[in-house]
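What follows is the residue order along each chain.
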Amino acid sequence: MRRMLGPRVSVSGQVQPGQVRELVAEGVTLLICNRPDHEEPGQPSQGDLERAAEAAGITFQVASFQGRPTPEAVEAMSQALASEAVIHAFCRSGMRSAATWAVAETRRGRPLNEVLEAGRTAGYDLAGLFI
C-alpha cells in the first residue's frame, strides 16, 4: 500500500478508515488527505478518515486539491516535512501526493535530481512538474 519517498514520508492511493491502524503500526503519526470529498463514488469521507485517525491517536490533515499541487497543499506538506512527523499522504492514486511532496522538497532546497529519483523509485514520474 505505502510507497516510500523517504525514510519518514510515504504516499498511496485512497486510504480506508480500517487501514489507519495499520499505518499507525508502521509508525505513521500524520495522515494527509490530498483528495477532495466526493471525487469518486464510494470513497470514504474526510470526516470518516479524521475519526479513524483520532481513534488511532494520530493527526489528520486535509490539504485536498485536484490537478497540480496548490500553494496551500505545498505549504501544508512543507510544514509537515519541517516537523518530526512520520507522514503518509494519499489521494486517488498517490500521484498528487507525490507531486505535492516533490514541489515542497525542492522549495525546501533538496536537489531536483534527488527528488526525481525518489519519485522514480516509488513508481512516480515527477519530471513533468518541473518543465
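Residues numbered from 1 in each chain as written. Predicted model: local features only at pLDDT ≥ 70, side-chain atom pairs only at ≥ 80, totals over all residues. Heavy atoms only, no water.

Chemist: Any details on the sheet that holds strand 1 (residues 3-6)? Residues and values, ideally.
Modeler: Read across the open sheet, the five strands follow the order 1-2-5-3-4; overall the sheet is mixed. Two strands bound the open sheet, and with one partner strand each, they are strand 1 and strand 4 (59-62). Put simply, the sheet's adjacent strands are angled 25 degrees from each other on average, direction ignored. Sheet analysis places strand 2 (residues 9-12) next to strand 5 (residues 87-90), joined by four bridges and oriented parallel. Looking across to strand 5, one finds that serine 10 is bridged to histidine 88. Those strands touched by helix 2 (residues 46-56) are strand 3 (30-33), strand 4 and strand 5, and its axis lies near 160 degrees from that of strand 4. The strands touched by helix 3 (residues 71-82) are strand 2, strand 3, strand 4 and strand 5; relative to strand 5, the strand with the most contacts, the crossing angle is about 160 degrees. (Pairing = 2+ DSSP bridges. Helix = DSSP H or I, 4+ residues; strand = E, 2+ residues; numbered from the N terminus. Axes fitted to C-alpha atoms, helices over the stretch in contact; angles between N-to-C directions. Contact = heavy atoms within 4.5 Å.)

Chemist: So, the packing of helix 3 against helix 4 (residues 95-107): which residues are in play, and what are the values?
Modeler: Helix 4 packs onto helix 3 with a crossing angle of 70 degrees between their chain directions and a minimal axis gap of 8 Å. Looking at the two axes, helix 3 sits roughly perpendicular to helix 4. Handedness of the crossing formed by helix 3 with helix 4: right-handed. In this structure, helix 3 contributes Ala73, Val74, Met77, Ser78 and Leu81 to the contact, and helix 4 contributes Ser97, Thr100, Trp101, Val103, Ala104, Glu105 and Arg107. (Parallel < 35°, antiparallel > 145°, perpendicular 65-115°, else oblique. Left-handed = near helix turned anticlockwise from the far one by under 90°.)

Chemist: How would you summarise the nonpolar core if you had to cite specific residues and measurements?
Modeler: Within the largest apolar cluster, 29 residues are counted, with the highest numbers of intra-cluster contacts made by Leu5, Ile32, Met77, Leu81, Ile87, Trp101 and Leu126. For this core, the secondary structure elements donating two or more residues are strand 2, strand 3, helix 3, strand 5, helix 4 and helix 5 (112-122). Within the second largest apolar cluster, 13 residues are counted, among which are Val20, Val28, Leu49 and Ile58. (Core = buried A, V, L, I, M, F, W, Y, C linked by side-chain atoms within 4.5 Å. Buried < 20%, exposed > 50% of the residue type's maximum accessible area, 1.4 Å probe, protein only.)

Chemist: Lay out the pairing of strand 3 with the relevant residues and their values.
Modeler: Every second residue of strand 3 is oriented toward a common face, with Leu30 and Ile32 on one face and Leu31 and Cys33 on the other, all of them buried. Pairing of strand 3 with strand 4 involves four bridges; the strand directions are parallel. Each residue of the ladder has a partner; that of isoleucine 32, found in strand 4, is glutamine 61. For the segment spanning strand 3, helix 2 and strand 4, crossover handedness is right-handed. Sheet topology places strand 3 next to strand 5; four bridges connect them, and they run parallel. Residue pairing in the sheet places leucine 31 in a bridge with histidine 88 of strand 5. (Right-handed = clockwise from strand over helix to strand, strands pointing away.)

Bear in mind that shape data such as this cannot, by itself, settle questions of function.
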